[in-house]
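Close look at the chain arrangement
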Amino acid sequence: MEKEISMRPIAALVGITLETPQLDAMIDFYVDAFGLTLLARDNGTARLGGKLDRTPALTLRQADERALVQLTWALRSEADVDLSAAALSAAGVTIVAQPGLVDEAYGITILDPDGTRIRLAVLPVAASAPIARNDRPLLLSHIVLNSPDPARLIDFYTATLGLTVSDEYERGLLTFLRCDQPQHHCLGISPGNHAGLNHFAMDCGDLDSLMRCIWRLQEDGHASIWGPGRHGPGGNIFCYFEDPAGFVPEVTCDVMQIDDAAGWQPQLWLRTPENGNTWGTGGPSKRAIELMSGNPSA
C-alpha cells in the first residue's frame, strides 16, 4: 500500500502582510510609536520587525483599500515544504505558488478557505526572552481572524494544516489554536460578517517592557482602546491600540506555555467580562469592538 503523505508540522507564525492606502502614516506609527524597526522599504512595500524577529513580522503594502493579504508561517526544512506541498495538493487546497524561492526563502503559497494567502516557508524562528529595560516589541505573538464561516476555517487550520485547539469560548465566539510550539495560541478564529483581520499581537517579553511600550504609545498621542488587562484563555497581559488604517495592533506578554501537549485538555470558557479581562479593569471600548469586527468608521 502506498504511504500517505501528510502535512509537516508548522513551527511558528512569523509574519503578517497588510495593504493600506496610508503607507507613510503606517510606517511612522509602527516605527515611532509602536516601536518596530524598519528593515527595508522599496516599491511601495515596507518590512518591519521586532527586536528578536529574524524575518519581517509586519509587511505593509501601498494599495487603494485596507486589507489583510497574507500570513507567513515557518516550516523547518525544504523537505517539509515539499512533503507539505504534496499533501496540500492531494487535499485539493488552492496552490498559488508551487515550492520555490521568494525573498530567498524556500516555500509554498496557498489560499485558506476565506481567500487569505498562506505562505509556508523555511524561515528562522525567534524565541521570546525578556530583555532588561526593553521598551520595544520583540516578535510576532499571534493573530485573530474574523470569518463568515469560522467552523470551516477552524477545520482547515486543524485538519489540513495541523494546528491544535487549545481553548475556546462558548458558542464558537473565539477558538484558540497553536502550532508545533508550547505557546497557548498563535491563531484565533472568530465569527465575522466578512473575512479579515480582527487584530495582531507583538510580544514584549515581560510586564515592565510592555508597560514601557504603552507609555511610549501614549506619549505619542495614542490612547489604548482596550487595556491594560489580562485575558482568561491564554493568560496573557494585553493592551490594544488603533493604527492609522484602522487595524488593531496589540502589545502582549506572559502568554501561557503548554509544556505537556499530550496531556492538555481544551477548556470551554464562558464569554463573561471576568474571563475577557481577569484584572477587572474593564472590557473593550466601543471603538475596539468596531475595529476588531472589521467595520471601522471615520
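What you see is a predicted model; the values in this text were computed from it and never measured.

Glancing now at the sheet that holds strand S1 (residues 12–20). The strands making up a sheet are joined through hydrogen bonds of the backbone, oriented either antiparallel or parallel. Overall, mixed pairing links the eight strands, which are arranged S2-S3-S4-S1-S5-S8-S7-S6 in an open sheet. The two strands at the open ends of the sheet, each matched to only one other strand, are strand S2 (37–42) and strand S6 (95–102). Put simply, the sheet's adjacent strands are angled 20 degrees from each other on average, direction ignored. Taken together, the five bridges between S6 and strand S7 (residues 105–111) define a ladder with antiparallel strand orientation. Paired with Leu 101 across the strands is Tyr 106, a residue of S7. Contacts between helix H2 (residues 78–90) and the sheet are confined to strand S5 (67–75), S6, S7 and strand S8 (117–122), with S7 contributing the most and set at about 20 degrees to the helix.

A separate point is the packing of aromatic side chains. Both the distance between ring centres and the angle between the ring planes are used here to describe each pair of aromatic rings. Applying the stated criterion across every chain yields a total of 10 aromatic pairs. On the numbers, 6.1 Å between centres and 55 degrees between planes, the contact of Tyr 169 with Phe 176 is tilted. Note on accessibility: Tyr 169 and Phe 176 belong to one class, buried. Feature note: the residues Phe 29, Tyr 30, Phe 34 and Phe 200 constitute an aromatic cluster, connected by ring pairs. The ring of Phe 247 is capped by Arg 66, whose NZ or CZ atom sits 4.2 Å from the centre of that ring. One residue, Arg 271, lies across the ring of Tyr 169, its end atom 4.8 Å from the ring centre.

Before going further, it helps to spend a moment on the nonpolar core. One broad trend across soluble globular proteins is that nonpolar side chains are buried collectively. Core analysis: the largest hydrophobic core is formed by 60 residues, its most contacted members being Trp 73, Leu 120, Tyr 157 and Leu 161. A per-element tally of this core places helix H1 (residues 23–33) first, with six residues. Look past the residues within four positions of Tyr 157 in its chain and what remains in contact with it is Leu 71, Trp 73, Asp 112, Ile 118, Leu 145, Gly 162, Leu 163, Leu 177, Leu 187 and Ile 189. In this structure, Ile 225, Phe 238, Tyr 240 and Leu 291 belong to the second largest nonpolar core, which totals eight residues.

Counted according to the given criterion, the structure contains 13 salt bridges. For Asp 42, the salt bridge is made with Arg 47, and the minimal N-O distance between the two is 3.6 Å. Taking relative accessible area as the criterion, Arg 47 reaches 22% and is therefore assigned partly exposed. Between Glu 290 and Arg 287 there is a salt bridge whose closest N-O contact spans 2.2 Å. With Glu 290 and Arg 287 both in helix H6 (residues 286–292) and three residues apart, this pair spans about one turn of that helix. With a relative accessible area of 24%, Glu 290 lands in the partly exposed category. One continuous salt-bridge network, built from bridges that share partners, spans Asp 42, Arg 47 and Asp 103.

Applying the stated criterion to the full structure yields one cavity of 30 Å³ or more. Of the pockets and cavities examined, the largest cavity occupies roughly 40 Å³. In terms of lining, the largest cavity is formed by Leu 68, Asp 112, Asp 114, Thr 116, Leu 145, Asn 146, Leu 153, Ala 195 and Gly 196. In the lining of the largest cavity, the residues fall into four nonpolar, three polar and two charged.

Reading the values: the criteria
Residues numbered from 1 in each chain as written. Predicted model: local features only at pLDDT ≥ 70, side-chain atom pairs only at ≥ 80, totals over all residues. Heavy atoms only, no water. Pairing = 2+ DSSP bridges. Helix = DSSP H or I, 4+ residues; strand = E, 2+ residues; numbered from the N terminus. Axes fitted to C-alpha atoms, helices over the stretch in contact; angles between N-to-C directions. Contact = heavy atoms within 4.5 Å. Phe/Tyr/Trp six-rings, centres within 6.5 Å; stacked < 30°, edge-to-face > 60°. Buried < 20%, exposed > 50% of the residue type's maximum accessible area, 1.4 Å probe, protein only. Lys NZ or Arg CZ within 6 Å of the ring centre and 35° of its normal. Core = buried A, V, L, I, M, F, W, Y, C linked by side-chain atoms within 4.5 Å. Salt bridge = Lys/Arg side-chain N within 4 Å of Asp/Glu carboxyl O. 1 Å grid on protein atoms, 1.4 Å probe; cavity = no way out; pocket = protein on both sides within 12 Å on 5 of 7 lines; lining within 4 Å. Points joined across faces, edges and corners; volume = space filled by probe spheres on them. Nonpolar A, V, L, I, M, F, W, Y, C, P; charged D, E, K, R; others polar.

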